[in-house]
Amino acid sequence: MNDNINNIRQADEGNDPLVRGELLLCRLVDGEASEHDWEDFRTIAGRGAGGLWRALAEAQRDQAVLSAAVADSVRLAERVGLPGERRRGHGESVITRIAPWAGWAAAACAGIIWSVGMFAPRPSVSGGGGALVDGADAPGGSIRLVSSEDALSEYKRLGKEAGVVVGEIPERIVISTTPRADGRGYDITYIRQIVEQRTVTDVFSVGERESGERVLVPTSMTPTRSGAGSL
Amino acid sequence: METPVTTQGWTTDAVDFERALAGDRAALEALWHEHRRWVAVVLLAHKPRETDVDDLLQEVARVMVSRLGEVRDPGAFKPWLRTVAINLARTSGRRVRPGSWWNAAARNRDGLGERDRRDGSTTSAALEEGRRLLALAERLEEGYREPLLLKAIRGMSYRQIGELLGLPETTVETRIARGRRMLRELAAAAQARADESAGAARKIEEHS
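No experiment lies behind these values; they were computed from the predicted model shown.

Thresholds, definitions, all that
- Residues numbered from 1 in each chain as written.
- Chains lettered and ligands numbered in written order.
- Predicted model: local features only at pLDDT ≥ 70, side-chain atom pairs only at ≥ 80, totals over all residues.
- Heavy atoms only, no water.
- Helix = DSSP H or I, 4+ residues; strand = E, 2+ residues; numbered from the N terminus.
- Buried < 20%, exposed > 50% of the residue type's maximum accessible area, 1.4 Å probe, protein only.
- Contact = heavy atoms within 4.5 Å.
- Areas by Shrake-Rupley, 256 points an atom, 1.4 Å probe, with all protein chains shown as cover.
- Pairing = 2+ DSSP bridges.
- Salt bridge = Lys/Arg side-chain N within 4 Å of Asp/Glu carboxyl O.
- Axes fitted to C-alpha atoms, helices over the stretch in contact; angles between N-to-C directions.
- Parallel < 35°, antiparallel > 145°, perpendicular 65-115°, else oblique.
- Left-handed = near helix turned anticlockwise from the far one by under 90°.
- Nonpolar A, V, L, I, M, F, W, Y, C, P; charged D, E, K, R; others polar.
- Lys, Arg positive; Asp, Glu negative; His and termini not counted.
- pLDDT = per-residue confidence, 0-100.
- Core = buried A, V, L, I, M, F, W, Y, C linked by side-chain atoms within 4.5 Å.
- Phe/Tyr/Trp six-rings, centres within 6.5 Å; stacked < 30°, edge-to-face > 60°.

### Some words on the overall build of chain B
Now for step 1: Assigned secondary structure in chain B consists of 10 helices and zero strands.
Now for step 2: Going from N to C terminus, chain B has its helices and strands arranged as α-α-α-α-α-α-α-α-α-α.
Now for step 3: Here chain B, with 208 residues, has 50% of them falling under the buried criterion.
Now for step 4: For chain B, long-range pairs separated by at least 24 residues make up 70% of all intrachain contacts whose partners lie at least 6 apart in sequence.
Now for step 5: Of the roughly 9,900 Å² that chain B leaves accessible, carbon and sulfur atoms contribute 52%.

Below is the structure:
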């Protein structure tokens, strides 16, 4: 390594003199040529040194293809942000990012509507830093929730008791991972998959009249072996 | 043909730098966006062949966030960032990079894995020719390779390269000129070998 650096330094100091034409071509190719350099080039080329034009064309071509290859090699650099930075073009909300993945779910919701259990009562919020929800086990019929995990656990427990919640699929679907600004660990956005079931009596799909007006049309579901229905 | 890399801004504005140093997130991101392209090219010039530029660039970003406070003078920022990049590139072959999995995931998500880059739709004869030159450039000494590749960033001047490398403009110019001459010689030698091999193959075919 040191020998190489010494060799380069010696070359810099003029022990490996460059032909004036080489430097001239370099400046022309690199857009660093002065008016004086252009005059020199015209003079030399005017003396019938046709090879100089060819050398210029080849040097420009070499530089163009090398630039293209360098650009190709580092093009992902445009996508590398600082830790914690949203990547360009990905500044939309988590829900928006989930949307393409959840397309089937949205389609299912739009395609089928049932008449029971779609809108559960909302929990009332207490003033003591926790939410109060109805619950048979808690004194006074309410349960104090101090964290989202508490709320989720309670939802699953009550849901199972009511026959609404089947369970939670252990696998979590990762939406994004971003290195933390302090370099320790990652911020991960993911989906927890909770399976619910309902007993449905009246099933409708969204139809459209000739006038374009949207209407609910009674429909039926095709049973599947897995238990998941489809229209 | 691939659009050449270009420099957006160059001067590290002292006010913006101070804001970034003070923890202004927007200023820090602006600073990174302004400089990450040439940093990527420096990595390209110094990294081992098997290492991805974007993996290393992610690490440079991480170091920049955590250690920017070490830089007191805006004028020292670019040489400091280059040193960080070179150190990471040189040691990259000797350690496991924790960020790699994330970047691999990001590439897969974007459909921009290594394979895509090799076989992607941007492939053309000119790009292939450029890649051959880039591969040959790996055989140049670093002192020639780095300024040569930095000059491939459109708009980057001898002065700017000299500022990064701590060299006078005239030295940058001569190194680039020599680097190109060496690259031409390497390309000519490679072509001669390829022609020789093709000739030998033809002779074998004729005699069989």
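### With respect to the overall build of chain A
Now for step 1: If you tally the helices and strands in chain A, you get seven helices and eight strands.
Now for step 2: The long-range fraction of contacts in chain A, counting pairs at least 24 apart against all pairs at least 6 apart in sequence, stands at 38%.
Now for step 3: Just so you have it, chain A exposes about 14,900 Å², and 54% of that area is on carbon and sulfur atoms.

### Quick word on the pairing of strand 5 (residues 165–179) of chain A
Residues and elements named next belong to chain A.
Now for step 1: Sheet analysis places strand 5 next to strand 6 (residues 186–196), joined by 10 bridges and oriented antiparallel. Looking at the pairing, Gly167 lines up with Val195 of strand 6.
Now for step 2: Between the antiparallel neighbours strand 5 and strand 6 lie six residues, among them Gly183 with a positive phi of about 80°.

### Describing the environment of Thr170(B)
All names here are of chain B.
Now for step 1: Topologically, Thr170 is positioned in helix 10 (residues 169–207).
Now for step 2: Taking the relative accessible area as the measure of exposure, Thr170 reaches 53% and is therefore exposed.
Now for step 3: Sequence separation of Thr170 and Arg159 is 11 residues, and the distance between their C-alpha atoms is 8.9 Å.

### Description of the pattern of salt bridges
Now for step 1: One pass over the full model with this rule turns up 27 salt bridges over all chains.
Now for step 2: Across the salt bridge formed by Asp182(A) and Arg180(A), the nearest N and O atoms sit 3.7 Å from each other.
Now for step 3: Note on Asp182(A): relative accessible area 42%, which makes it partly exposed.
Now for step 4: Assessed through its relative accessible area of 34%, Arg180(A) is described here as partly exposed.
Now for step 5: The structure contains a network of salt bridges with shared partners spanning Asp72(A), Arg75(A), Glu128(B) and Arg131(B).

### Structural notes on the packing of helix 8 (residues 142–150) of chain B against helix 9 (residues 158–165) of chain B
Residues and elements named next belong to chain B.
Now for step 1: In the contact formed by helix 8 and helix 9, the axes pass within 10 Å of each other and the chain directions differ by 135°. The angle between helix 8 and helix 9 falls in the class oblique. The handedness of the crossing between helix 8 and helix 9 comes out as right-handed. Where helix 8 abuts helix 9, its residues Glu146, Pro147 and Leu150 lie against Ile161, Leu164 and Leu165.
Now for step 2: The residue makeup of the contact of helix 8 with helix 9, split by class, is five nonpolar, no polar and one charged.

### Brief notes about the side chain of Lys151(B)
Now for step 1: Locating Lys151(B) in the fold gives a position in the loop between helix 8 and helix 9.
Now for step 2: An unpaired buried charge is present at Lys151(B): no salt bridge exists, and Glu32(A), the closest side chain of opposite charge, is 4.1 Å distant.
Now for step 3: Apart from residues no more than four positions distant in its own chain, Lys151(B) is found in contact with Asp30(A), Glu32(A), Gln63(A), Met156(B), Ser157(B), Tyr158(B), Ile161(B), Ile176(B) and Arg180(B).

### Things to note about the confidence of the model for chain B
All names here are of chain B.
Now for step 1: Summary statistics for chain B give a mean pLDDT of 80 and a share of 79% for residues scoring 70 or more.
Now for step 2: The model gives residues 1–9 a pLDDT under 50, and that stretch makes 32 contacts with residues more than four places away or in other chains.
Now for step 3: Below a pLDDT of 50 lies the segment residues 96–122, which in the model reaches 54 contacts outside its immediate sequence neighbourhood of four places, other chains included.
Now for step 4: With pTM at 0.57, the complex prediction returns an ipTM value of 0.78.

### Some words on the nonpolar core
Now for step 1: Residues Trp38(B), Leu43(B), Val60(B), Met64(B), Leu68(B), Phe77(B) and Leu150(B) are the most contacted members of the largest nonpolar core, which totals 62 residues.
Now for step 2: When residues of this core are assigned to their parent elements, the largest contribution, 12 residues, is made by helix 2 (residues 25–46) of chain B.
Now for step 3: Leaving out residues up to four positions away in the same chain, Leu150(B) has contacts with Trp38(B), Val41(B), Val42(B), Met156(B), Ile161(B), Leu164(B) and Leu165(B).
Now for step 4: Listed in part, the nine residues of the second largest apolar core include Leu24(A), Leu25(A), Val29(A) and Ala45(A).

### Digging into the packing of aromatic side chains
How two aromatic rings sit relative to each other is given by the distance of their centres and the angle of their planes.
Residue and element names in this part refer to chain A.
Now for step 1: Going through the model one piece at a time under the given rule, you end up with four aromatic pairs over all chains.
Now for step 2: On the basis of an interplanar angle of 85° and a centroid distance of 4.8 Å, the ring pair of Phe41 and Trp53 is categorised as edge-to-face. With Phe41 in helix 3 (residues 35–46) and Trp53 in helix 4 (residues 50–74), this residue pair connects regions lying 12 residues apart in the sequence.
Now for step 3: In this structure Phe41 comes out as buried when scored by relative accessible area, which is 1%.

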